[in-house]
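# A look at the structure
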Amino acid sequence: MPLVASGFIRQIGSAGGSKFAATFTIDGLQYTLAGTFVARAPRFNCHSAKLTYSSMGQLSSTRLIEGTLGPKKLTLRLPNGPVIEGLLESGSDHIYKAYDVVGCGIWFHN
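Please read all numbers here as calculations on a predicted model, not as lab measurements. (Residues numbered from 1 in each chain as written. Predicted model: local features only at pLDDT ≥ 70, side-chain atom pairs only at ≥ 80, totals over all residues. Heavy atoms only, no water.)

Going through the model one piece at a time under the given rule, you end up with one salt bridge. Across the salt bridge formed by Lys50 and Glu85, the nearest N and O atoms sit 3.9 Å from each other. One end of the pair, Lys50, is in strand β4 (residues 45–53); the other, Glu85, is in strand β7 (residues 83–87), with 35 residues separating them in the sequence. Classification of Glu85 by relative accessible area gives partly exposed; the value is 26%. (Salt bridge = Lys/Arg side-chain N within 4 Å of Asp/Glu carboxyl O. Helix = DSSP H or I, 4+ residues; strand = E, 2+ residues; numbered from the N terminus. Buried < 20%, exposed > 50% of the residue type's maximum accessible area, 1.4 Å probe, protein only.)

This is the structure we're talking about:
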């Protein structure tokens, strides 16, 4: 049965770019996927993201990331199973089409 955690995704840098952090609270700890897209991405905000995963072991190490950004939502898939999804907010650039995004990220928690 899949597990679900709530959180947010923020782009790092004020003018758009390739770096982001996706943060979720699980059992009182913050789990963050700090990542970089291969190509520059439009500026985006997602304050209500959802992480779906099967086990805590999936939230560790460096992972590849593939997904879609826009026009209304963000979806990031990790090959070992987790999926991060959320609706884009009005502070995002005017994203009129879906962009395929590819990159990598590393999980950490505190």
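We now examine the sheet that holds strand β8 (residues 99–109). The strand order around the closed barrel formed by eight strands is β1-β2-β3-β8-β5-β6-β7-β4, and the pairing between neighbours is antiparallel. Strand-to-strand, the axes of this sheet are offset by a mean angle of 25 degrees, without reference to chain direction. Both strand β6 (residues 73–77) and β7 contribute to a ladder of five bridges, which runs antiparallel. In the sheet register, Lys73 faces β7, and the bridge partner there is Leu87. (Pairing = 2+ DSSP bridges. Axes fitted to C-alpha atoms, helices over the stretch in contact; angles between N-to-C directions.)

Now for the environment of Ile95. Structurally, the position occupied by Ile95 is in the loop between β7 and β8. With relative accessibility at 9%, the residue Ile95 sits in the buried group. Between the C-alpha atom of Ile95 and that of Arg43, which follows or precedes it by 52 residues, the distance is 8.7 Å. Beyond its immediate stretch of four places on either side in the chain, Ile95 contacts Pro42, Arg43, Leu69, Gly70, Pro71 and Leu88. (Contact = heavy atoms within 4.5 Å.)

Moving on: the side chain of Thr32. Along the chain, Thr32 turns up in strand β3 (residues 29–41). By relative accessible area, which is 8% here, Thr32 ends up buried. In terms of polar contacts, Thr32 uses its side chain to reach the side chain of Thr23, at 3.1 Å. Those residues in contact with Thr32, other than ones at most four positions away along the chain, are Ala21, Ala22, Thr23, Ile106, Trp107 and Phe108. (Polar contact = N/O pair within 3.5 Å; in protein donor to acceptor, adjacent residues only side chain to side chain.)

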